Structures are given as C-alpha cells and as structure tokens.
Amino acid sequence: MSSPSPTPSPTPWATTPYEPTSAVDHFHGLLRMRMVGVFTGAKAFPVDDPADTDYYASVAATAFIPLGVVLIFMIPFYWTFLCCRNGCCHDTFYRRFGCMCCSSAKGEGCLRNGHPKGHPLLARGVLLVSFCLVIGLNVGIDNVRLEVSELLLKVSELLDGVSDMMSDLNDYALDMNVTAGKISSYASALDCADDYSDQTESISDASGTIAEYAVLISDSIGTLPRELGKMSDNIAENGDTYVNYAGLALAALGVLYAVLGLLGTLCFEGKQNPVRCATGWLATTNAFGVLMLIIIALLLAGELTAGIVLGDFCAADAGPLNALASVMESQVDDDEAVGMMSFYATCQGTNPLGAYLDTQQEAVTNMTDILDSYKDLFIHTNMCCDSAYDTDNIDPDTVADSCTFYSASNPNACTTNSVCDYSGGTNNGGCVAAGGCLNASYTGIVNEINYLALDDDGPLVGFFGEFECAEINPKLAKLVNEVMCDNVVESLWWMVAVHISVLVIMYLVMIVSSFARQVIYEANMKGRDDDLSDEMKGVYPKATANTVDAEGVPTKSTRLVSKFYKDAY
C-alpha cells in the first residue's frame, strides 16, 4: 500500500480588511451623553470588557434623548399650545404679555384663528395629505421590518452553515477515533510470530495515538456546533418573532392613528352633538397622537441603543472579526474553543488543530511504513532463503532479494527449519518461518488505513479539506462584516431615520390639525352662531360674541352669549 501524503501546509489566507459603511460611521460618530448631560461619552467599543457599565450608560443616555425631548419639551409645548388656542391663558397673560398667545384684545390672532380660515375644503385637503403621508411612512416601516426579518433569516442560515461545518469537523474527528479503534483491534488479532511483536505493537501504538488525538480534536471543537445552533434557532424563532410583532404593532398603531385622522377628515360635521363627527374624530386622533409620540420615542431608544453598540463594534480599530475574537476571549471559559474560533476569525497564528493533525499523520505514516516494509513477511507463512543470507537478522528492505515467500496454501511451500531449493537450485537454501500473520486482520488494517488517510470520503482527507482558515473565515466574514455590520446596521439606521421622520411629521400634523379642525368646526357652526346672537339680541340688543369694555374685559352680554357657544377647540 502507498503511504498517505504528508500533512498539507495551511494555505496562506489574508483576511480582507473591513471598510465601515456610512451607517456604521453615522452611529459610531454620534456624540455620547454622559449621565450628567455632557456630550463627551466614549465611542470605542470595550472589546476587552464587553460588560463595561460606563460604556453602556453612555450609550443608554444618548439613546434615550428622543424620549426625553418628547416628555420634557414636545408634549408640554403641545399642551401649552392647546391652552393658548383655547384662550384659557388670555385673561392671565394677555394684559401683561400681549404677544404671549398671539392674541388681540378681542381674543383673535394668528394662534387663536383657524387656518386656512374660511376654507374648510382646503383644510380637509391638507389633513388628507398629512394623514396619507403618515400612512406612507408606516408602510415604509413595515418594509424595513421585512428587510430586517430577511437579514435575521440570513444570519440564522450563516450560523447554521458554520455550525454544520464545525459539526462535520467533529464528525470527522469521531470517525478517526472509531477507525483507529478498528485498526487497533485488527492489530491485536494479527497473531504474527513472536519475532514480529515489535512491529505489531508499533501498529497498535500508532492507532492508539490517532484515537487519542481524535478525541483531543473533538474536545477542541467542544460545544461550538451546539452553541452556534442554539444561536441560530434563537434568532430564527425569537428574533424574527420580535421583529414581526414589534414592527407590525408599531405599523398598526401608526396606521390606526392615520385612519382615525382620515375618518375625521372625511366625516360629516354637524352643527351640534352627536353629529359633530369630523371634529370629534380629529380630537380623538390628536389625543391618541400623544401616546404615539411616547411609543415611537421608546422604540427609537431601542433602535439607537442597538445601532450605536453595533456601530462601535464594527468600527473597532482591529476590525469586527478581531473584536469578536477579543470578546470571546474575555467572555467564554472554553479556552480551546475560543482559541480555535479566534484563529478562524483572524487567520493569525497557528491553527490549534494543526498540531493534533500532524501527530495523527505521523502515526499513519508509521503504520503504512511498517505495513509496506513487512508486507511479504506478514502475509506469508514461511520462506526459502539463500543459504548465504543471515536469517537471524532479517532486513525487510533486502529480504525479498534473497528469499522466496510461501503462503500456507501454496503446494510448493517449503518445510520450516529444513533445507529447501532456492531459486531453481537444489538444497541450496534454508526454510525459515515468516510472520504468518492472520491475513484477514492484515487486510482489515490496510483497508481501514486507506479509508482513514487516503479515501476522499475518509475522515483525514475530509478534515484537511475543511479545517483551513480559507474555508471557514469567509463564512465568518460574511456573517459579521457583510450581514451584521453592513446590512443590519444599515437597516437600523434606516429605521431610526424613518421613525424620527414619523415622530416629527406626526407632531406637526397634530398642530396643523388643531387649526384645520377649527376651520371645519366654524364653517358648520356659523349659521348656528348667528341664530344664537339674534336670539340674545332680543334680551341684549347690543350683544355680540366679542364685545369688550375699555379695559379689554368681555362685557356681561358677551359672557352670556358665550354660554350658548360650544368650544371650537
């Protein structure tokens, strides 16, 4: 049999440096706010201490800025705006600060009037466009949700691919162990002559070495396939479920807000309750909008947190794969598995599995050398050697030149320990015993070694075909660099941009709808106001809706007339 080829040298593999995308740069470039409110937080991802609380405190403080803006500024300002629109601050502020509510002495002004004043159809048209825009943005959010869902599926598939490759390597190692065990069993059953005990023991020892190092390889791979498989299952099941539920829920709430607004925009507006449909629905829409602002701000906090952390991770000086290796070294207790993953992530240093495979290859070479050299001695019962040949010191390399081998079934075989006819002579040789090994055991050893080291489907050949960095690193690079750092971060940045747009536009629509709602209300209440004024003039002939005295205080008749008016705001 031929000896297996020596262990191939690892193919040189230079990893491709990662180039951060614009989304990574945007997230990484965001100013970080410390808890005290100073924008000087660290931007470097803590690869040596991924649980660094100071870093995450800075990230959280930055990510929750939109929520703080909504709760501290936007909602209070909106309520103050409504207060000024209703005129509740007129008596309190107007006399001291005439421009506070953009109101005249008669309670009129740009802030108190509806806009576009006197054009209810135009007001409805503005609302229609505004709420359709909100629906369009929420449809965009749903598209991003689908994209993120597809990316999570891709991540899960890539993790499954790496897990399967690691499982294959582990299966090859286990197959080496099983095959080595068979070789050892066949070696024990060779039943060769005592003169060949050293050779048979060497075969047994070599097979034991292969089995031992196969176990070491399997231990080095450890739980990596299972852990990667768990990660894949969690992402496929929980990640996709979270993205779908959260994305659909938010999109549904946004669409619900817009639908309520469209109902108010298109609905009939009567002169009195309960047929004041349009203004009633618009008021409900704005009240629901306040809740939506808080929900969107909370979602933004989560997206910004994930985006900033991933952006910093992907922008690490040594690159995301090296950062991943550093994180694993600091967080995982299995040193052998960490060392192997670090090598495949960076392709730097020596493959931890290489030394094990080299030792196994040496053991295989030792066995094949013995089997090749002693083949004739092992498989034959005796041999007729030239009388000049020293049969007490048989050299496997030269014995075939001076001896003729006979198997037990050969009718021309000589009789051991007697003279024999060598190479056509007469009684010119001596018949001595050969190995006389059991042929089935010898054939079993040869077949198992061929499968172990030479067969294309065998464990050693298969292992060498998959264990190099050139095979595994591209899969890890695709998972980390392309999918996570490029696609996922870009999707997060797009989601942040869309949600900020929805937040701002929804807030502006809430303000615009207040003015438009007043126009719709006044257009349908004008006739009723005239009737009420005429009715009150029968009691107070000079009464109008906006009569004030010299100090700007509404007259008694005006206050009485006001009791008959419904609030238009």
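What you see is a predicted model; the values in this text were computed from it and never measured.

S.K.: Give me the lowdown on the overall build of the protein chain, citing residues and values where you can.
M.R.: Helix and strand counts for the protein chain come out as 17 helices and four strands. Classification of the 569 residues of the protein chain by burial places 44% in the buried group. Long-range contacts, defined here as pairs at least 24 residues apart, represent 75% of the contacts in the protein chain between residues at least 6 apart. A total accessible area of about 27700 Å² is found for the protein chain, and carbon and sulfur atoms account for 57% of it.

S.K.: Could you give an account of the sheet that holds strand 3 (residues 418-420), naming the residues involved and the relevant values?
M.R.: Read from one edge of the open sheet, four strands run 2-1-4-3, paired in antiparallel fashion. If you trace the sheet from one side to the other, it starts and ends with strand 2 (403-406) and strand 3, each paired once. Averaged over all pairs of adjacent strands, the angle between their axes in this sheet comes to 35°, without regard to strand direction. Alignment of strand 1 (residues 382-386) against strand 2, held across four bridges, turns out to be antiparallel. Its bridge partner lying in strand 2, C385 is registered against C403.

S.K.: Describe the pattern of salt bridges, naming the residues involved and giving the relevant values.
M.R.: Within this structure, the stated rule accounts for one salt bridge. As a salt-bridge pair, E482 and K478 come within 3.2 Å of each other at their nearest N and O atoms. A residue pair is termed a helical-turn pair when its members lie 3 or 4 positions apart in one helix, as E482 and K478 do in helix 16 (residues 469-537) at four residues. Look at K478 and you get partly exposed, because its relative accessible area is 33%.

S.K.: Talk me through the confidence of the model for the protein chain; I want residue IDs and the actual numbers.
M.R.: This prediction gives the protein chain a mean pLDDT of 80; 81% of its residues lie at or above 70. Considering only residues more than four positions removed or in separate chains, one finds that residues 536-543, a stretch of pLDDT under 50, has 10 contacts.

S.K.: Can you break down the pairing of strand 4 (residues 429-433) residue by residue, with the values?
M.R.: As judged from the five bridges shared by strand 1 and strand 4, these two strands associate in the antiparallel manner. Bridging across to strand 4, D386 finds its partner in G429. Where strand 3 lies against strand 4, three bridges are found, and the strand directions are antiparallel. Paired with S418 across the two strands is C431, which belongs to strand 4.

S.K.: Describe in detail the state of the cysteines, supporting the description with residues and values.
M.R.: Enumeration according to the criterion identifies six disulfides in this entry. Here C192 connects covalently by a disulfide to C437, the sulfurs 1.7 Å from one another. Around the S-S axis, the bridge from C192 to C437 shows a dihedral of about 115° and counts as right-handed. Here C192, found in the loop between helix 5 (120-188) and helix 6 (197-221), pairs with C437, found in the loop between strand 4 and helix 14 (439-454); they are 245 residues apart in sequence, far enough to count as distant. Per residue, the accessibility class of C192 equals that of C437, and both read buried. Put simply, C414 and C431 are joined by a disulfide, and their sulfur atoms are 1.9 Å apart. Between C414 and C431, the disulfide has an S-S torsion of 70° and is therefore right-handed. Remark: C431 occurs in strand 4 and C414 occurs in the loop between strand 2 and strand 3; sequence separation between them is 17 residues.

S.K.: Break down the nonpolar core for me, with residues and values.
M.R.: It is characteristic of soluble globular proteins that their nonpolar side chains tend to be buried jointly. Formed by 133 residues in total, the largest nonpolar core has its most connected members in M166, I203, Y257, Y344 and F378. If you tally residues by element for this core, the top one is helix 16, at 24 residues. Discounting residues that sit within four places of it in the chain, I203 has contacts with I183, A187, M367, I370, L371, F378 and I445. Formed by six residues, the second largest nonpolar core is a distinct cluster that contains C384, Y406, C414 and C420.

S.K.: An account of the environment of C384 is needed here, citing residue identities and associated values.
M.R.: By the secondary structure assignment, C384 is in strand 1. It is 9.7 Å that separates the C-alpha atoms of C384 and A434, two residues lying 50 residues apart in sequence. Excluding its chain neighbours within four sequence positions, the residues that come into contact with C384 are S402, C403, T404, Y406, C414, C420, D421, Y422, G429, G430 and C431.

S.K.: Quick one: what's the story with the packing of aromatic side chains, residue by residue and with numbers?
M.R.: For the coordinates displayed, the defined rule picks out 14 aromatic pairs. A centroid spacing of 5.1 Å and a plane angle of 80° characterise the contact between Y55 and Y56, whose relative ring orientation is edge-to-face. Taking relative accessible area as the criterion, Y55 reaches 3% and is therefore assigned buried. Taking the relative accessible area as the measure of exposure, Y56 reaches 31% and is therefore partly exposed. Among the aromatic residues, those joined into a ring-pair cluster are F45, Y55, Y56 and F313.

S.K.: Describe the environment of N286, listing the residues and the values that go with them.
M.R.: Within the fold, N286 resides in helix 8 (residues 277-314). Note: C-alpha distance between N286 and S514 (228 residues apart in sequence) is 8.3 Å. Discounting residues that sit within four places of it in the chain, N286 has contacts with Y78, Y257, M510, S513 and S514.

Rules behind the numbers
Residues numbered from 1 in each chain as written. Predicted model: local features only at pLDDT ≥ 70, side-chain atom pairs only at ≥ 80, totals over all residues. Heavy atoms only, no water. Helix = DSSP H or I, 4+ residues; strand = E, 2+ residues; numbered from the N terminus. Buried < 20%, exposed > 50% of the residue type's maximum accessible area, 1.4 Å probe, protein only. Contact = heavy atoms within 4.5 Å. Areas by Shrake-Rupley, 256 points an atom, 1.4 Å probe, with all protein chains shown as cover. Pairing = 2+ DSSP bridges. Axes fitted to C-alpha atoms, helices over the stretch in contact; angles between N-to-C directions. Salt bridge = Lys/Arg side-chain N within 4 Å of Asp/Glu carboxyl O. pLDDT = per-residue confidence, 0-100. Disulfide = S-S within 2.5 Å. Core = buried A, V, L, I, M, F, W, Y, C linked by side-chain atoms within 4.5 Å. Phe/Tyr/Trp six-rings, centres within 6.5 Å; stacked < 30°, edge-to-face > 60°.

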